[in-house]
Amino acid sequence: MHIRGGLRAAIGLSTALLMLAACGGTPQSSSGPEGGDIKDGGDLRVYIGEPRHIVASNAGESEGSTVARALYSGLIDYVGDDYKIVNVMADSIKSTDNKVWTIKLKGGWAFHNGEAVNSDAYIRAWNAAAYAPNAQLGSHFFERVDGYADLQGKEPKAKEMSGLKKVDDTTFEVTLRQPFAGFPVMLGYVAFMPMAQACAADLKACDEAPIGNGPFKMDGKWEHKQQVKLVRNNDYKGTKAHLDRLTFKIYDKIETAYNDLLAGNIDIMPRRMPPAKVPEARVKFGDRLLDKPSPSFTAVAIPTYLDPFKDKRIRQAMSMAIDRKAIVDAVYQGRYTPAKSFSPPGFPGGRDDTCKYCQFNPEKAKQLLAEAGGWPAGKKAELWFNAGAGHDVWMQAVGDQLKRNLGIDYELKGQLQQPEFLATADAKKLTGPYRSAWAPDYPLNENYLTPLFGTGGSSNRTGYSNPEFDARIVRGDNAKLLDEAGKLYGEAEDLLAEDMPSIPLWFDKASVAFGETVTGVEYNGVQGVNFARVGFTK
Amino acid sequence: MTEQVESVISADRSAQAGIERSASLWADAWRDLRRRPVAIASAVVIVLVSSMAAFPWLWTRTDPRDCPIQLSKATPSAAHIFGTNELGCDYYAMTIYGARASIIVALVSTSLVLLVGALVGMAAGFYGGWVDSVLSRLADIFFALPFLLGALVFLSMLRSHSVWTIVLAFAVLGWPPLARIVRASVLATKNMDYVQAARSLGASDRRLLFRHILPNAAAPAIVVATILLGTYVASEATLSYLGIGLQPPEISWGIMIAQGQSYVTSGYPHLLLFPAAFLSATVLAFILLGDALRDALDPKLR
Amino acid sequence: MGGPGAGGLKGLEVTPLGRYLARRLLQFVPTLLGALFILHYLMTVGIQLNGDPARAVFGDRTPSQSQLQAMQRVFGTDDPCFEQAGNPCLTVFVHRLENMAQGDFGVDSRERPVVTLIAEHAPITARLALLAILIELLVGVTAGVLAGLRGGSFWDYVVKVSTTMLVAIPIFVVGAVTQLVLGVEFGSWLKGVGAPDLLTGLFSIAYRTDQPWASLVMPAFVLASLSLATTARLTRTSLMENLRGDYVRTATAKGLTRNRVVGVHALRNSLIPVITNLGISFGNLLAGAVVTEGIFNIRGIGGLVFGAVATGEAATVVSVVTILVLVYLLCNLIIDVLYAVLDPRIRLD
């Protein structure tokens, strides 16, 4: 009990400290003595898988961005379970029309190599990320910026986006193609981190030892498949880290890492754990296992361009026939949150009860199916997912539910490897409901709506197109305030809840487990663990 | 004319003698095997497992794909003597139905390996020259390809992974050892007097190969093949563990072991133990039978 | 091949060994070319059938045409032949060969040179394989001698059943159980009582860079367990054969003790086939360690190829596996030569 109280206090305190530092002196009420029970110093050994890249502009996936977030500080941060936006390097981000944004930086920040972090550092970074021949994973984040198209293709017309303009050393202007109220929310993503000149000169070399501006800096090079060693950046302008060293230990198999955590050879698993081990870890780690809501979202998307799925009652019936809770209990040890909406609760703009057809109600499901004229006799529902990634288990459970509750026999189509599965989905050639997963890049409900369901949306593979939905999104884009935008986007989500182009299943949970002497662990689904706040107990 | 006919008869007689010799070798071996308890026990296990593979309904009337999800991960009880898996499928029924994949993979792969190995080995050994060179280099390639990595590359090429694609992978990678055995045996016998005699009497190549030369290679080839049977059962499981073997909803011991092993320390050891026990017993049976066969067929070790 | 090389070859030509070596090395060429082509073809068809690995990098987010093309250049799948199922992509193959001839083995999907990758991964795997062979020599040969001294005895059965049992249990189960019992349970206890670093290294869960040998011992045991049965059986069989040999009878008749007869005469001769077999299996150990390397987090060759196959990095797979084939061929050659040197009855031909 005592430990729990202490931990809570530590988390609350460090959050408050960060906001204090970040917001430039906004008064915050905080409790507890200065520094709490966190000791300065120590080497925290952290589990990760081998990242693909760790230079910020290319650190698109979870492992790479975990490292990048320790090495870089961006314009803003997302803090706490409600993803509150706080300024880090930004002094202000303003627009009058949601189209032209003026970003003012705090002065005096420097990269780990001493270079100043100024407007040029940001403009340089964003252009390098967007420039197609660099093949950076962060490229698509700049699609909304004016002139992005000129940097695309095999031999692009330009190397710089016309929408980026330097005003002075600490001010620059971003012009978007269309107004977008959510633009400032995007800026905390790793793709928007600044880039040093030395790094832009040789992106590949920089990927081996990124030059960041964050609370930690590289100690030597990335030792592939073994470790990435970081040390505290003592010249950091923000709140300095407690730890002397931060070592990312790279594991091939998460089971091995878990065993090493048990044996005390690593200190923290910051995001995932082997699913089967969670029940035993609950017992072994107690309060040192945080089960945090994660915005990663799993759904069964429906090819709405195909019979019999064109009829929305069929889609509604299928959704009501699936007992999400039972599947989550059986397959995910009850950890995941059965979804009742299309964007995660707790997310800016997100609600937890938009989807009335997500209720498990076999009677109503049968009725809806009958109203739609029943399921075509003899036809099997083909359920698609990519091979070799363990999706067969839950997909089979979904199929079993359809069979039991609606009498729809199913066939699992899980033989496509991921590249072909994705390409087939892109080409709209899947012949039945398919696995759809989504992890957000920035905390705004819009990120779950426009790309997936907007007409011509970048990842819209269901063929869903509803002019009213598109109109409501545009209304949100033009909102004056972010809260208001979230509400307006939510009105677009209401249409999905009726049309059901996709069947929401569940939201993921992240499991953060750490050793007895570790403290100050705070996690949210976009930012991950903030290592600058973690330390060892005194 | 008469002379020639007589010679043919005598050649045939000598061939017959060869067969009788090998027949008595097999008869001796059979007598020897019957006296070995390990061999008998192995044979019994193989027969039982084969019956599961061929007629699973003799063993269970439960459908392994009828899975009430509320019964997820039940521990063994009277209703489900092996418990249930995470989806609530009866684990005993799954274990019985899982035998089929393992047995098909083992039997068909081994047969193909024997067939290809024998043909290539005979061609290389009998014709020699450039045929031998080409076939030997080809065998070198597949011999030198590490088995597991080779299977990995091969299977990753294919679009879907069924029992048959795994069979194909094992056959493509498995034939060189057999080919070498047969080739060596052909080289050793082709210059023996009785073969030369048959040849000089105008026996066709095919007749020479199949009646006079091949029977001598049979004993070592069959010993190796029996051991291969066991190896293939185990390899199928390893491929499933690596995620490139059979894919669920296909039922196989390999998949069950691979999925069940993560639950061992979580209070559901039955998910690993039952399929692993069945698989290990089967592999053990094949290998020990192969061993016994080797001892029985090798008179030097009697 | 410059002047000195040719001169060297000429010098060798006089000796039968030189001629033999030259012929064998020449035979490597078609084998290696064949292996290269087969691997190239398998990877090509894999990409054609299973989709472009460049697409997978973007996950559930559909990339724009431009983004996809940029990634295809990184993966080397931007040739249109990768869209035609069955097309062997010969131009790509020839290009690959040309590059290889110049020492350029291509890059992985992170544009790191494959040569660097091999330099990173090979030493660890070589250490692992070496330890595994030592363990087989120690444990396997001891077990084989135990069994062979008295065929059909109790010990014979114990050795046979226990070594076969290790083959019969899937290696990933053996590995996971070893790690759990010796690594997590015993290893933690050792750490708790403050055992020295070397000892905790021996029982560590994952490979440790600060204990580059000790922390590979446990994985080497797991890796060796697969072929322990073969080694033991081979030792047993050849020892039994040798014990029946005339020279043993002579030695016994001369009044030498049984220990001396077995230890000095019979065993020495019996070990020749055993060592041959181990030598040949070295190449297989290098690559067969995929599972063991995965479980114990060892950054080795097996894992390198496995990962490259999974992400569709053709250059890595083709180069590394071909090198493994070469290692295998070289091992074979060395063993054949040693054999001839050690055993005068065998003539190189």
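Residues numbered from 1 in each chain as written. Chains lettered and ligands numbered in written order. Predicted model: local features only at pLDDT ≥ 70, side-chain atom pairs only at ≥ 80, totals over all residues. Heavy atoms only, no water.

A. Inspection of the UniProt feature "transmembrane region" (unreviewed entry) in chain B at higher detail. Residue and element names in this part refer to chain B. Here the UniProt feature "transmembrane region" (unreviewed entry) sits at residues 38–59, 101–126, 138–157, 163–182, 213–234 and 272–293. Taken end to end, residues 101–126 comprises 100% helix and 0% strand; its first and last C-alpha atoms sit 37 Å apart. Taken end to end, residues 138–157 has its terminal C-alpha atoms 20 Å apart, with 90% of it in helix and 0% in strand. (UniProt positions renumbered as here; feature names shortened; annotations may be inferred. Helix = DSSP H or I, 4+ residues; strand = E, 2+ residues; numbered from the N terminus.)

B. How the structure looks around the pattern of salt bridges. Residue and element names in this part refer to chain A. Considering all chains together, one arrives at 46 salt bridges over all chains under this definition. Residues glutamate 498 and lysine 356 are paired through a salt bridge, measuring 3.2 Å at the closest nitrogen-oxygen approach. Placement of glutamate 498 in helix H16 (residues 482–499) and of lysine 356 in the loop between strand S14 (337–338) and helix H11 (362–371) is noted, with a sequence separation of 142 residues between them. The exposure class of glutamate 498 is partly exposed, given its relative accessible area of 26%. Notably, a salt bridge pairs glutamate 382 with lysine 413, separated by 3.9 Å at the nearest N-O pair. (Salt bridge = Lys/Arg side-chain N within 4 Å of Asp/Glu carboxyl O. Buried < 20%, exposed > 50% of the residue type's maximum accessible area, 1.4 Å probe, protein only.)

C. Fine view of the interface of chain A and chain C. With 46 residues of chain A in contact, the opposing surface of chain C contributes 43 residues. Taking both partners together, chain A and chain C bury about 3800 Å²; carbon and sulfur atoms supply 47% of that area. Counting the contacts that link chain A with chain C gives 6 salt bridges. For glutamate 208 of chain A, the salt bridge is made with arginine 112 of chain C, and the minimal N-O distance between the two is 3.9 Å. (Contact = heavy atoms within 4.5 Å. Buried area = accessible area lost by both parts, 1.4 Å probe.)

D. Focus on the sheet that holds strand S8 (residues 171–175) of chain A. Residues and elements named next belong to chain A. The 4 strands lie next to each other as S5-S6-S8-S7, forming an open sheet whose pairing is antiparallel. Among the strands making up the open sheet, the edge pair consists of strand S5 (90–95) and strand S7 (164–168). Pairs of neighbouring strands in the sheet enclose a mean axial angle of 20 degrees, with direction left out of account. The pairing of S5 with strand S6 (residues 100–105) spans 5 bridges and is classified as antiparallel. If you follow isoleucine 93 over to S6, its bridge partner there is isoleucine 103. Across the sheet, helix H3 (residues 119–130) is in contact with S6, S7 and S8; its angle to S7 comes to roughly 175 degrees. (Pairing = 2+ DSSP bridges. Axes fitted to C-alpha atoms, helices over the stretch in contact; angles between N-to-C directions.)

E. Structural context of the interface of chain B and chain A. Contact with chain B, which involves 21 residues of that partner, is made by 23 residues of chain A. When chain B packs against chain A, close to 1900 Å² is buried across both sides, 49% of that on carbon and sulfur atoms. Where chain B packs against chain A, one counts 1 salt bridge. Here arginine 404 of chain A and aspartate 66 of chain B are joined by a salt bridge, their closest N and O atoms 3.1 Å apart. At the boundary of chain B and chain A, one finds 7 residue pairs in polar contact (both at pLDDT 80 or more). Split into classes, the residues belonging to the side of chain B that touches chain A amount to 8 nonpolar, 9 polar and 4 charged. (Polar contact = N/O pair within 3.5 Å; in protein donor to acceptor, adjacent residues only side chain to side chain. Nonpolar A, V, L, I, M, F, W, Y, C, P; charged D, E, K, R; others polar.)

F. A look at the confidence of the model for chain C. All names here are of chain C. Chain-level statistics for chain C give a pLDDT mean of 85 and a share of 93% at 70 or above. Note that pLDDT drops below 50 for residues 1–13; the model gives that stretch 3 contacts with residues more than four away or on any other chain. Among the prediction metrics, the complex's ipTM stands at 0.86, with pTM recorded as 0.87. (pLDDT = per-residue confidence, 0-100.)

G. View of empty space enclosed by the protein. Overall, the coordinates contain 7 cavities of 30 Å³ or more when judged by the stated rule. Roughly 250 Å³ of volume is contained in the largest cavity. Around the largest cavity sit 22 residues that line it, and Gln396 of chain A together with Asn85, Met94, Ile255 and Gln259 of chain B are the ones nearest its centre. Contributions of two or more residues to the lining of the largest cavity are made by helix H12 (391–406) of chain A together with helix H3 (91–127) and helix H9 (253–260) of chain B. With 4 residues, the single largest contributor to the lining of the largest cavity is H9 of chain B. Tallied by class, the residues present in the lining of the largest cavity amount to 13 nonpolar, 5 polar and 4 charged. Here the second largest cavity is characterised by a volume of approximately 120 Å³. In terms of lining residues, the second largest cavity is bounded by 15 residues, among which Ala301, Tyr434, Ser436, Leu452 and Ser459 of chain A are the most central. For the lining of the second largest cavity, the secondary structure elements donating two or more residues are strand S13 (289–301), strand S17 (434–438) and helix H14 (450–453) of chain A. Top contributing element to the lining of the second largest cavity by residue count: S17 of chain A, with 4 residues. For the lining of the second largest cavity, a count of residues per class yields 8 nonpolar, 5 polar and 2 charged. (1 Å grid on protein atoms, 1.4 Å probe; cavity = no way out; pocket = protein on both sides within 12 Å on 5 of 7 lines; lining within 4 Å. Points joined across faces, edges and corners; volume = space filled by probe spheres on them.)

H. Representation of the packing of aromatic side chains. All told, the structure shown has 42 aromatic pairs over all chains when counted by the stated rule. Here the aromatic rings of tyrosine 122 of chain A and phenylalanine 172 of chain A are separated by 5.9 Å at their centres, their planes lie at 15 degrees, and the arrangement is stacked. On the criterion of sequence distance, the pair formed by tyrosine 122 of chain A in helix H3 and phenylalanine 172 of chain A in strand S8 is long-range, its members being 50 residues apart. In terms of burial, tyrosine 122 of chain A and phenylalanine 172 of chain A fall into one category: buried. Arranged with centres 6.0 Å apart and planes meeting at 70 degrees, the rings of phenylalanine 82 of chain B and phenylalanine 278 of chain B form a pair that is edge-to-face. Of this pair, phenylalanine 82 of chain B sits in the loop between helix H2 (37–54) and H3 while phenylalanine 278 of chain B is found in helix H10 (residues 270–297), placing the two residues 196 residues apart along the sequence. Connected via pairs of aromatic rings, a cluster forms that spans Tyr122, Trp126, Phe141, Phe142, Phe172, Tyr189 and Phe192 of chain A. Positioned above the aromatic ring of phenylalanine 180 of chain A is the side chain of arginine 144 of chain A, whose terminal nitrogen or guanidinium carbon lies 3.6 Å from the ring centre. Across from the ring centre of tryptophan 213 of chain C, 5.7 Å away, lies the NZ or CZ of arginine 127 of chain C, which sits over that ring. (Phe/Tyr/Trp six-rings, centres within 6.5 Å; stacked < 30°, edge-to-face > 60°. Lys NZ or Arg CZ within 6 Å of the ring centre and 35° of its normal.)

I. Representation of helix H8 (residues 278–285) of chain A in the model. All names here are of chain A. Buried within H8 are the following residues: Val278, Glu280, Ala281 and Phe285. Down the axis of H8, the smallest arc covering the buried residues is 150 degrees, so these residues share one side. The secondary structure elements touched by the buried residues of H8 are helix H7 (254–262), S13 and strand S18 (502–514). Looking one or two residues past H8, glycine 286 carries a phi angle of roughly 55 degrees, positive in sign. (Arc of directions from axis to C-beta.)

J. Here's a closer look at the nonpolar core. Trp126 and Phe142 of chain A are the most contacted members of the largest nonpolar core, which has 312 residues in total. Ranked by residues supplied to this core, first place goes to H10 of chain B with 16 residues. In this structure, phenylalanine 142 of chain A is in contact with Trp126, Ala129, Ala130, Tyr148, Met161, Ala191 and Phe192 of chain A, ignoring residues within four places of it in sequence. In this structure, Tyr258, Ile266, Phe285 and Ala513 of chain A belong to the second largest nonpolar core, which totals 15 residues. (Core = buried A, V, L, I, M, F, W, Y, C linked by side-chain atoms within 4.5 Å.)

K. Looking closely at the UniProt feature "domain: ABC transmembrane type-1" (unreviewed entry) in chain B. Mapped onto this numbering, the UniProt entry gives "domain: ABC transmembrane type-1" (unreviewed entry) at residues 99–290 of chain B. Secondary structure within residues 99–290 of chain B divides into 83% helix and 0% strand; the distance between the first and last C-alpha atoms comes to 20 Å.

L. Structural view of the side chain of histidine 391 of chain A. Residues and elements named next belong to chain A. Secondary-structure assignment places histidine 391 in helix H12. In this structure the side chain of histidine 391 is engaged in a polar contact, spanning 3.2 Å, whose partner is the side chain of arginine 435. Residues contacting histidine 391, with those up to four places away along its chain left out, are Phe385, Asn386 and Arg435.

M. A look at the side chain of serine 252 of chain B. Residue and element names in this part refer to chain B. Structurally, serine 252 can be placed in the loop between helix H8 (205–242) and H9. At a separation of 3.0 Å, a polar atom in the side chain of serine 252 contacts the side chain of glutamate 236. Among the polar contacts listed, one links the side chain of serine 252 to the backbone nitrogen of glycine 254, at a separation of 3.2 Å. When near neighbours in sequence (up to four residues on either side) are disregarded, serine 252 contacts Gly98, Ala101, Glu236, Ser240 and Leu246.

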